[in-house]
Amino acid sequence: MLYVSIFVELLRSRPALAVWLAALMQALLWFLVPSLFYAGPPGDVPEVLAVGHEFQLGTYLGPPLAFWLAELVFELAGRSLLGVYLLSQVCVVVTYWAVFALGRSIVGAQHAALAVLLMVGVAAFTVPTPDFGPVILTMPLWAIILLHYWRAVGEGRRAYWLPLAVEIGLLLLTTYVGLILVGLLLLGGSIRQLVLV
C-alpha cells in the first residue's frame, strides 16, 4: 500500500490552504521572534522611524512611502514596535498571496503553491523581514504589479490598467529601483506588440 505524506496530500488537494498556512505561520513566527527576543529594533528600523517622524518628501535614503508608513503604524500601535513588525509581516503575506495568484493564472494552483513554499525557504523572505523599510515594502508592490500586469497584458483584462498605474506610482514612492521594473514592463509590452504585428 502506498502512503503519502499529509503535507503532500494537502498540497495536491488544497494548494491555497497550504500557501495560507505556510504564510501565516511564517508571519506569526517572525512577528513573535522580534517581539519577544529582540532587545532593540533590528537593522535600520530606528533610522526608518526617525526619517518617517519628520514626514519629509525625500531624503538621501530615497522616496518617503516606507518611512511614512512605518511612522504611521508606529504611532497607531501606541509608539510600539509591534506595529512595525506586524506591518513587515503583512508585506510578506501579501507578497506570497500575489505570487500564488500569478502562478495560479500561469501554471496552475499546485505549481504556484510549490513556488510560494519554496519562497518560504529563502532567507531573504524570512530572517530580515522584521527590519521594515523600503526593501520590505517593495516586495508586495513588485509582486502585485507583476500580477496586475499579467492580468492586463497577458489576459487582456482592461480593468487592471488603473490599479497597475496606482501601484507603479506607489512603487516609485517607495524606491527608485522601481524604475527598473517599469523599464522592463515597457520593454516587455513593446516586444509583445512587435510579435503581434
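This one's a predicted model, so the numbers in the text were calculated from it and none came from an experiment. (Residues numbered from 1 in each chain as written. Predicted model: local features only at pLDDT ≥ 70, side-chain atom pairs only at ≥ 80, totals over all residues. Heavy atoms only, no water.)

K.L.:
Tell me about the pattern of salt bridges, residues and numbers included.
P.N.:
Across all of its chains, the model carries 4 salt bridges by this definition. A salt bridge links arginine 151 to glutamate 155; its shortest N-O distance comes to 3.4 Å. A residue is classified by how much of its surface remains accessible, and arginine 151, at 12% relative accessible area, is buried. The salt bridge partner of glutamate 155 is arginine 157, with a shortest N-O separation of 2.9 Å. By relative accessible area, arginine 157 is classed as partly exposed at 38%. One network of salt bridges, in which partners are shared, links Arg151, Glu155 and Arg157. (Salt bridge = Lys/Arg side-chain N within 4 Å of Asp/Glu carboxyl O. Buried < 20%, exposed > 50% of the residue type's maximum accessible area, 1.4 Å probe, protein only.)

K.L.:
How would you sum up the layout of surface pockets? Please name residues and give values.
P.N.:
The calculated volume of the largest pocket comes to roughly 250 Å³. Looking at the largest pocket, it is lined by 15 residues, and the ones nearest its centre are Phe125, Thr138, Met139, Trp142 and Ala143. Of all the secondary-structure elements, those providing two or more residues to the lining of the largest pocket are α5 (81-107) and α7 (134-154). Ranked by the residues each element gives to the lining of the largest pocket, the list is headed by α7, at 7 residues. For the lining of the largest pocket, a count of residues per class yields 12 nonpolar, 3 polar and no charged. In this structure, the second largest pocket occupies an estimated 200 Å³ of space. In terms of lining, the second largest pocket is formed by 13 residues, of which the most central are Tyr149, Trp161, Leu185, Leu186 and Gly189. Going through the elements one at a time, α7, α8 (161-172) and α9 (178-196) are the ones with two or more residues in the lining of the second largest pocket. In terms of residues, the lining of the second largest pocket owes the most to one element, α9, which gives 7 residues. (1 Å grid on protein atoms, 1.4 Å probe; cavity = no way out; pocket = protein on both sides within 12 Å on 5 of 7 lines; lining within 4 Å. Points joined across faces, edges and corners; volume = space filled by probe spheres on them. Helix = DSSP H or I, 4+ residues; strand = E, 2+ residues; numbered from the N terminus. Nonpolar A, V, L, I, M, F, W, Y, C, P; charged D, E, K, R; others polar.)

K.L.:
Got a sec to walk through the packing of aromatic side chains? Specific residues and values, please.
P.N.:
Counted under the stated rule, the structure contains 1 aromatic pair. Geometrically, the ring pair formed by phenylalanine 55 and tryptophan 68 is tilted, given 6.4 Å between the ring centres and 40 degrees between the ring planes. Here phenylalanine 55 is found in the loop between α3 (45-53) and α4 (65-76), whereas its partner tryptophan 68 is found in helix α4, with 13 residues between them in sequence. On the basis of relative accessibility, which here comes to 46%, the residue phenylalanine 55 falls in the partly exposed class. (Phe/Tyr/Trp six-rings, centres within 6.5 Å; stacked < 30°, edge-to-face > 60°.)

K.L.:
Any chance you could break down unusual backbone geometry for me, citing the residues and the numbers?
P.N.:
For phenylalanine 55, which is not a glycine, the phi torsion comes out positive at approximately 50 degrees. Although it is not a glycine, arginine 79 sits at a positive phi angle of roughly 60 degrees. In this structure, arginine 79 sits in the loop between α4 and α5. Arginine 79 gets classed as exposed once you look at its relative accessible area, which sits at 51%.

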